[in-house]
Amino acid sequence: KVNGEVVGVDEIKAAIFDHMGQPNYAFLFKQEDKYDYFDETGNSLRKAFLQAPLKFSRMTSGYTMRRFHPVQKRWKAHLGTDYAAPTGTPIMTTGDGTVVEARYSKFNGNYVKVKHNSTYTTQYLHMSKIASGIRPGVRVKQGQTIGYVGSTGLATGPHVCYRFWKFGKQVDHRQEDLPASEPIKDEYKKAFEEHLKAW
């Protein structure tokens, strides 16, 4: 604080939040090449997936089995979530994974599909362009830009259609209890325990 006014926080090394008498701890710790926050038992406090793939202005269409398609003018399932944003807005992969598709198709326009693990896959449709270097086989990190908002393919305006697969079936990501990111690995447990003692 400066003259009683908060001017910023450099970096939070550790925190405790009390919720209805229940303490919740967070400790910043570097595992391999990445810093993350973990609780006192070594579980990650970061979700494996972001809630949305971009900073959006509004959600224009949710996951539904029945929607009147604005281009095809008929009722059909919409197995994704549409987020409107200005053309050129960066689209991020919502989780770590490997690009399995990055191309153009008639209905999807420019799109990228990412396989995260044996359970989850995500897809990002209608991009104005795919980001440089994004091609099948490339590893991507959560929050990395993979493309830019557009209206290519079957789209009436600039947005991204975000699709989410679980065990090969498209599901509504907003209804999923998304898993946490990786806990402390065995080879880092001793160092993490020493880190906790210091705090």
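Sequence positions are assigned chain by chain, starting from 1 and proceeding in written order. In keeping with the model being predicted, local features are shown solely for residues with a pLDDT of at least 70 and side-chain atom pairs are shown and tallied solely at 80 or more, while totals for entire chains, interfaces and linings include all residues. No hydrogens and no water enter the side-chain calculation; it runs on all heavy atoms of the structure.

### Considering the environment of glutamate 101
The criterion, for reference: Numbering of helices and strands runs from the N terminus; a helix is a DSSP stretch of H or I covering at least four residues, while a strand is a stretch of E covering at least two. We call two residues contacting when some pair of their heavy atoms lies within 4.5 Å. Identification of polar contacts relies on pairs of N or O atoms within 3.5 Å, with a donor-acceptor requirement for protein atoms, meaning one able to donate a hydrogen and the other able to accept it, and with residues adjacent in sequence counted only if both atoms are side-chain atoms.
Structurally, glutamate 101 is set in strand S9 (residues 97–105). Note: C-alpha distance between glutamate 101 and tyrosine 111 (10 residues apart in sequence) is 7.7 Å. Beyond its immediate chain neighbours, meaning those up to four positions away, glutamate 101 contacts Tyr111, Val112, Lys113 and Pro136. Separated by 2.3 Å, the side chains of glutamate 101 and tyrosine 111 make a polar contact.

### Thoughts on the environment of valine 171
Inspection of the secondary structure puts valine 171 in strand S15 (residues 169–171). As a C-alpha pair, valine 171 and glycine 80 span 91 residues in sequence and 7.8 Å in three-dimensional space.

### Notes on the pattern of salt bridges
Rule in force here: Throughout this description, the term salt bridge denotes a Lys or Arg side-chain nitrogen within 4 Å of a carboxyl oxygen of Asp or Glu.
Counting across every chain of the model gives nine salt bridges. With its nearest N and O atoms 2.9 Å apart, the salt bridge here joins glutamate 32 to lysine 185. With glutamate 32 in the loop between strand S2 (22–31) and strand S3 (34–38) and lysine 185 in the loop between S15 and helix H1 (189–198), this pair connects stretches of sequence that are 153 residues apart. Close ionic contact of aspartate 36 with arginine 46 constitutes a salt bridge, the shortest N to O distance being 3.1 Å.

### Details of the sheet that holds S3
Two strands in a sheet stick together by hydrogen bonds in their backbones, pointing the same way (parallel) or opposite ways (antiparallel). Note the cut-off: In this scheme, strands are said to pair when DSSP sees at least two bridges between them. Whenever a helix is involved, its axis is fitted only over the stretch in contact; in every case the axis is a line through C-alpha atoms, and angles between N-to-C directions fall within 0 to 180 degrees.
With antiparallel pairing, the three strands of this open sheet are ordered in space as S1-S2-S3. With partners counted over all chains shown, the strands left at the sheet margins are strand S1 (14–19) and S3, one partner each. Between one strand axis and the next, the sheet turns through 20 degrees on average, direction left out of account. Here S2 pairs with S3 via five bridges, running antiparallel.

### Focus: the packing of aromatic side chains
Counted only if it meets this: Ring pairs are drawn from Phe, Tyr and Trp, using the six-membered ring of Trp, whenever the two centres fall within 6.5 Å, and their geometry is named by plane angle: stacked under 30 degrees, edge-to-face over 60, tilted for the rest. Think of it in three bands: residues with accessible area under 20% of the maximum for their type are buried, residues over 50% are exposed, and the middle band is partly exposed, with areas taken using a 1.4 Å probe on protein chains only.
Under the counting rule described, the total for this entry stands at nine aromatic pairs. Ring geometry for phenylalanine 49 versus tyrosine 120: centroids 5.1 Å apart, planes at 70 degrees, classification edge-to-face. Residue phenylalanine 49 is located in the loop between S3 and strand S4 (58–61), and its partner tyrosine 120 is located in strand S11 (residues 120–130); the two are separated by 71 residues in the primary sequence. Among the residues examined, tyrosine 120 registers a relative accessible area of 9% and is labelled buried. Between the aromatic rings of tyrosine 120 and phenylalanine 164, the centroid separation amounts to 5.5 Å while the plane-to-plane angle is 55 degrees, which identifies the pairing as tilted. In this pair, tyrosine 120 sits in strand S11 while phenylalanine 164 sits in strand S14 (residues 159–166), placing the two residues 44 residues apart along the sequence. Every member of this aromatic cluster is reached through a ring pair, and the members are Phe49, Tyr120, Tyr124, Tyr162 and Phe164.

### Topic: a nonpolar patch on the surface
Operational definition: The patches described consist of residues with a relative accessible area above 30% and no salt bridge, like charges being joined within 9 Å and nonpolar side chains (Val, Leu, Ile, Met, Phe, Trp, Tyr) within 5 Å. Computed with a 1.4 Å probe, the accessible areas rest on the Shrake-Rupley method; for each residue, only the protein chains presented here act as cover.
Where nonpolar side chains cluster on the molecular surface, the patch consists of Val9, Ile12, Tyr37 and Leu45 and spans about 370 Å² of accessible area. Of the residues examined, leucine 45 reaches a relative accessible area of 46% and is grouped as partly exposed.

### Some thoughts on the side chain of threonine 122
With respect to the helices and strands, the residue threonine 122 is situated in strand S11. Engagement of the side chain of threonine 122 in a polar contact is seen with the side chain of histidine 116, the distance being 2.7 Å. Residues contacting threonine 122, with those up to four places away along its chain left out, are Phe49, Thr94, Val112, Lys113, Val114, His116, Tyr162, Arg163, Phe164 and Trp165.

### Concerning the side chain of arginine 46
For arginine 46, the location among the structural elements is in the loop between S3 and S4. A polar contact is formed between the side chain of arginine 46 and the side chain of glutamine 142, at a distance of 2.6 Å.

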